[in-house]
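Structural features, examined
In case you want the letters, here they are:
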Amino acid sequence: METEELLKSLEEEANLAIDNASQVQEVNEAKAQFLGKKSKLNALMATMRDLSAEGRKELGEKINSFKTALENKVREKIQALEDAKINAMLASQEIDVTLPGKQIMDGNLHPLTKIYSEIEEICSSMGFKVADGPEVECDLYNFEMLNLPKGHPAREMQDSYYITENMLLRTQTSPVQIRTLLAAKGEPVKIICPGKVYRRDNDDATHSHQFMQCEGLVVGPNVTMADLKGTLQTIFRKLFGEDVKVRFRPSFFPFTEPSVEVDFSCFKCHGEGCPLCKQNGWIEVLGAGMVHPNVLKMAGYDPEKMQGFAFGIGIERIAMLKYGIDDIRNFYNDDVRFLKQF
Ligand code: PHE
C-alpha cells in the first residue's frame, strides 16, 4: 500500500476508534494502538531508514502531522468525556429550590426561665450581680449560719432531704447569702441568686418537692427597710404593671429581723377583689426582711457598721400568677403543648 494511503486509512481507523470510545480508558487504548511502540505507525517509521533524505523528510512531516492531529483529538475526546461525566453528576444532584423546606421545630424558653430572666434583667439594671451556689449544700450554710442552729424548731418548717448528716439538698437559696458574704470579706454586696431548691413536700397543684427561688441580698452602710420596699416595688411594677403597690406584713424568718411577708396589689382587679387574688385585692408573693445581726456577725460583718436586706421570691408562684397557670406540676412535665404557649 502506498504510504500515503496507509496513513490515511490509519487516520480513519484511529478517528473512528476515538469517536466511538465512551470511556477515557478506551481513548487511551486507542492512543496506544495507533501511536504506541507496537503500532503500524511505528512499523512505518522503521521503513524510513531505507528512504532517500528527501523521501525521509517528506514522510517524517506527514507522520508528524498525523501524530499531532491524533494527539489533539485524544486530548479533546478525554476532555469531552470528563465534562460529560461532571455534567451528568451535576444533573443527578440537581436541587429543586422550589421544594418546601423541612420544618424545624423551634423551641422557646421555659416559662420559669423567662420569669427569672426577667427578674435578672430588672435587678441587673439596679446594679445587682448574679450569684450562684450548689444545690447540694452543707447544713452549716443552709441552716446554722442563717441563725438556725441544730435543733432549732424553725427547721421543721423546711423538712429536708439529707444526704449525709451534714449535707442536704438546699431547702432555700438563702445559703448563697452566706457564701456571698464569706467571699466578700466585709465588703458591701448586692446580689440575686436564682436556683432550684428542694423540700420534702407532697406534690399537689401548688406544691412540689423541687421548685425555684430567687434570692436577693443587699448589705452595705445605711441600707434600710425603705430600700427593701423600693427595690421590691420596682421589681413587681416591672413584672406586673406600673400601678402595682407593695405591702409588708410582719412575719418570722430566723435570718431576718424584722421579717416580713410581702404582698402586692392584684394586677388583675387592681385591688378590687377577684378570683385571682381570692377577693383579697392583695397577692402574697415572698418573704423578706432585714438581715439578722447574728447572720452578719457569723459572716464576719459588724452589724453596727453595715446592715442589709434579703428577700426570697418563689419563681413558680410568679409564673403561675403572670401566665394564669393553675397547676405547678405543668412546669415539670415536659409537655410541649403546655410549654409552647409561652
Ligand atoms: N428563704 C426563705 C424561704 O425559703 C425566704 C426568705 C429569703 C425570707 C430571704 C427572708 C429573706 O422561705
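Residues numbered from 1 in each chain as written. Predicted model: local features only at pLDDT ≥ 70, side-chain atom pairs only at ≥ 80, totals over all residues. Heavy atoms only, no water.

Before going further, it helps to spend a moment on the sheet that holds strand β4 (residues 167-169). Strand order in the open sheet formed by three strands is β2-β4-β3, with antiparallel pairing between adjacent strands. Both outer strands of the open sheet, β2 (136-138) and β3 (162-164), are each paired with one neighbouring strand and no more. Averaged over all pairs of adjacent strands, the angle between strand axes in this sheet comes to 35°, irrespective of strand direction. Relative to β4, β2 runs antiparallel, the two sharing three bridges. Pairing of Glu137 across the sheet is with Leu168, part of β4. (Pairing = 2+ DSSP bridges. Helix = DSSP H or I, 4+ residues; strand = E, 2+ residues; numbered from the N terminus. Axes fitted to C-alpha atoms, helices over the stretch in contact; angles between N-to-C directions.)

Taking 1.5 Å per residue as the helical rise, helix α2 (residues 24-35) with its twelve residues ought to reach 16 Å, and the 16 Å between its terminal C-alpha atoms agrees with that figure. Buried residues in α2 make contact with α1 (3-20), α3 (40-46) and α4 (53-92). (Expected span 1.5 Å × (residues − 1). Contact = heavy atoms within 4.5 Å.)

Turning our eyes to something else, we now look at the pattern of salt bridges. Counted according to the given criterion, the structure contains 14 salt bridges. Glu118 is paired through a salt bridge with Lys322; the nearest N and O atoms lie 2.9 Å apart. Of this pair, Glu118 sits in helix α5 (residues 111-125) while Lys322 is found in helix α10 (residues 315-323), placing the two residues 204 residues apart along the sequence. Given the relative accessible area of 28%, Lys322 is considered partly exposed. (Salt bridge = Lys/Arg side-chain N within 4 Å of Asp/Glu carboxyl O. Buried < 20%, exposed > 50% of the residue type's maximum accessible area, 1.4 Å probe, protein only.)

This part is about a nonpolar patch on the surface. A cluster of nonpolar residues, Val136, Ile163 and Met167, forms a patch on the protein surface that exposes about 230 Å² of accessible area. Examined against the element boundaries, Met167 turns out to sit in strand β4. On the basis of relative accessible area, Met167 is assigned to the partly exposed category, the value being 30%. (Patch = residues over 30% accessible without salt bridge, like charges linked within 9 Å, V, L, I, M, F, W, Y side chains within 5 Å. Areas by Shrake-Rupley, 256 points an atom, 1.4 Å probe, with all protein chains shown as cover.)

Residue Pro258 follows Glu257 across a cis peptide bond; omega there is -5°. Take Pro258: it is sitting in strand β8 (residues 256-265). Despite not being glycine, Asn147 shows a phi value in the positive range, around 70°. Here Asn147 shows up in the loop between α6 (139-142) and β3.

Another aspect to go through is the packing of aromatic side chains. Counted by the stated rule, this structure contains eleven aromatic pairs. Ring centres 6.5 Å apart and planes at 20° place the aromatic pair Phe309 and Phe311 in the stacked group. Judged by relative accessible area, which is 2%, Phe309 ranks as buried. Members of the aromatic cluster, joined through ring pairs, are Tyr323, Phe331, Tyr332, Phe338 and Phe342. In this arrangement the basic side chain of Lys190 is found over the ring face of Phe128, its NZ or CZ atom lying 5.2 Å from the centre. For Lys229, the ring lying beneath its charged end belongs to Phe248, and the centroid distance is 5.4 Å. (Phe/Tyr/Trp six-rings, centres within 6.5 Å; stacked < 30°, edge-to-face > 60°. Lys NZ or Arg CZ within 6 Å of the ring centre and 35° of its normal.)

No statement about biological role is implied by the geometric values presented.
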